[in-house]
Amino acid sequence: MLAVALLGASLAGCGTDPASVPPRSANTAPPGAAAPAVGVPTMAPGPGGLTPVFERRPEGPGGEKVVALTFDADMTADQGPRAAAGEHFDNPALIADLRRLKVPATVFMTGRWAQEYPAEARAIGADPNFEVGNHSYSHYAFKSDCYGLPVVDKGRMREDVEKATAQFKKAGVRNTVPYFRFPGGCYNDEVLRTLAPLRMTAVQWDVVSGDAFAKDADAVADQVLAGVKPGSLVVMHCTRSAAPVTDTALQRIVPELRKRGYRFVKVSDLIRGAVHR
């Protein structure tokens, strides 16, 4: 099941370019939504009040060389027995290297991951270089035909997102941001309409790392380095059992992008730059 889930996250989702959507204040949140820090930017609702979708900061004059690395901390609702048997859905070495390399990053965390690794989730959320986005509680798909993932009932989609938020609070996770990443990257307008009351910004990506189940770290690094352009948003994973070479690939990606003049930022920085253009 995790293989299918990560395969989905390795493929670009569909969506509309939100670059023209105006910003809105994110200082308050409705019941069940993430409680962001003051000043965290979000996109305004899309046409018809749909949940807005952000994929990449549009390139402006001069093409400022900024890039956001994002890491999905995946774990499905039914994988507890596998974790108990010793399978590692976390990757503490990856987080440690992000700190060592001084790379800001956004971690899209499932509620089930935070439940399994509360101390790690809390430590990530306490680090000012990181921010934590919502990746659902169950890591089940929010629409059918999403790489074979089981699908959350339409009537329980908001509940699944809210359950993840509640788990973050229970684990003491700070630095949460009102951003949501769809499991598998799969959504449609009906789903965006269903989640609209949560007043979150859905976050996709424009660069697929290909780290899901990859065995060649250089191939992952090559794919990222070939795809990054100013304002890019890269999807990677923070799951040892399903993305075992991500940390090794990072050792090439970070210094090479810095050599090219790139500055690493969080998703909130990309969105802030987009809405203030």
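What counts and what doesn't
- Residues numbered from 1 in each chain as written.
- Predicted model: local features only at pLDDT ≥ 70, side-chain atom pairs only at ≥ 80, totals over all residues.
- Heavy atoms only, no water.
- Helix = DSSP H or I, 4+ residues; strand = E, 2+ residues; numbered from the N terminus.
- Buried < 20%, exposed > 50% of the residue type's maximum accessible area, 1.4 Å probe, protein only.
- Areas by Shrake-Rupley, 256 points an atom, 1.4 Å probe, with all protein chains shown as cover.
- pLDDT = per-residue confidence, 0-100.
- Contact = heavy atoms within 4.5 Å.
- Arc of directions from axis to C-beta.
- Polar contact = N/O pair within 3.5 Å; in protein donor to acceptor, adjacent residues only side chain to side chain.
- Salt bridge = Lys/Arg side-chain N within 4 Å of Asp/Glu carboxyl O.
- Disulfide = S-S within 2.5 Å.
- Axes fitted to C-alpha atoms, helices over the stretch in contact; angles between N-to-C directions.
- Parallel < 35°, antiparallel > 145°, perpendicular 65-115°, else oblique.
- Left-handed = near helix turned anticlockwise from the far one by under 90°.
- Nonpolar A, V, L, I, M, F, W, Y, C, P; charged D, E, K, R; others polar.

Visitor: Could you give an account of the overall build of the chain, with specific residues and numbers?
Guide: If you tally the helices and strands in the chain, you get 10 helices and 11 strands. The buried share of the chain, taken over its 277 residues, is 56%. Counting only carbon and sulfur atoms, one obtains 54% of the accessible surface of the chain, whose full area is about 10900 Å².

Visitor: Give a description of the confidence of the model for the chain that names residues and reports values.
Guide: Confidence along the chain averages 88 in pLDDT terms, with 84% of residues attaining 70 or more. Taken together, the stretch residues 1-36 has pLDDT below 50 and engages in 104 contacts with residues farther than four places along the chain or on a different chain.

Visitor: With reference to specific residues and values, describe helix H8 (residues 217-227).
Guide: Buried within H8 we find Ala 217, Val 220, Ala 221, Val 224 and Leu 225. Looking down the long axis of H8, one finds its buried residues gathered within 125 degrees of arc, a one-sided arrangement. The secondary structure elements touched by the buried residues of H8 are strand E9 (207-208), strand E10 (232-237) and helix H9 (246-259). Capping the start of H8, Asp 216 holds a side-chain oxygen 3.0 Å from the backbone nitrogen of Asp 218, two or three residues further along.

Visitor: Explain the pattern of salt bridges residue by residue, including any values.
Guide: Scanning the entire structure with this criterion turns up 17 salt bridges. Across the pair Asp 90 and Arg 240 runs a salt bridge, and its minimum N-O distance is 2.8 Å. Here the residue Asp 90 occupies a position in the loop between helix H2 (80-84) and helix H3 (92-100), and Arg 240 occupies one in the loop between E10 and H9, the gap between them amounting to 150 residues. A relative accessible area of 3% means that Asp 90 is categorised as buried. Taking the shortest distance from any N to any O, the salt bridge between Glu 162 and Arg 158 comes out at 4.0 Å. Of this pair, Glu 162 and Arg 158 both sit in helix H6 (residues 157-171), 4 residues apart, which is roughly one turn of the helix. Given a relative accessible area of 24%, Glu 162 falls into the partly exposed group. Beyond isolated ion pairs, a larger network of salt bridges with shared partners links Arg 56, Asp 206 and Lys 229.

Visitor: I'd like a description of the state of the cysteines, backed by residues and values.
Guide: Across all of its chains, the model carries 1 disulfide by this definition. Across the disulfide, Cys 146 is cross-linked to Cys 186 (sulfur-sulfur distance 2.2 Å). Between Cys 146 and Cys 186 the disulfide shows an S-S torsion of about 80 degrees. By sign, it is right-handed. You can see Cys 146 sitting in the loop between strand E6 (130-134) and H6 and its partner Cys 186 sitting in the loop between strand E7 (176-180) and helix H7 (189-195), a full 40 residues away along the chain. When its relative accessible area of 1% is taken as the criterion, Cys 146 is described as buried.

Visitor: Describe in detail the packing of H3 against H9, supporting the description with residues and values.
Guide: Close contact between H3 and H9 brings their axes to 9 Å; oriented N to C, the two are set at 15 degrees. With respect to each other, H3 and H9 are oriented roughly parallel. Like other packed secondary-structure pairs, H3 and H9 cross with a definite hand, here right-handed. Of the residues in H9, those in contact with Ala 93, Leu 94, Asp 97, Leu 98 and Arg 100 of H3 are Thr 246, Asp 247, Leu 250 and Gln 251. A class-by-class count of the residues in the contact of H3 with H9 yields 4 nonpolar, 2 polar and 3 charged.

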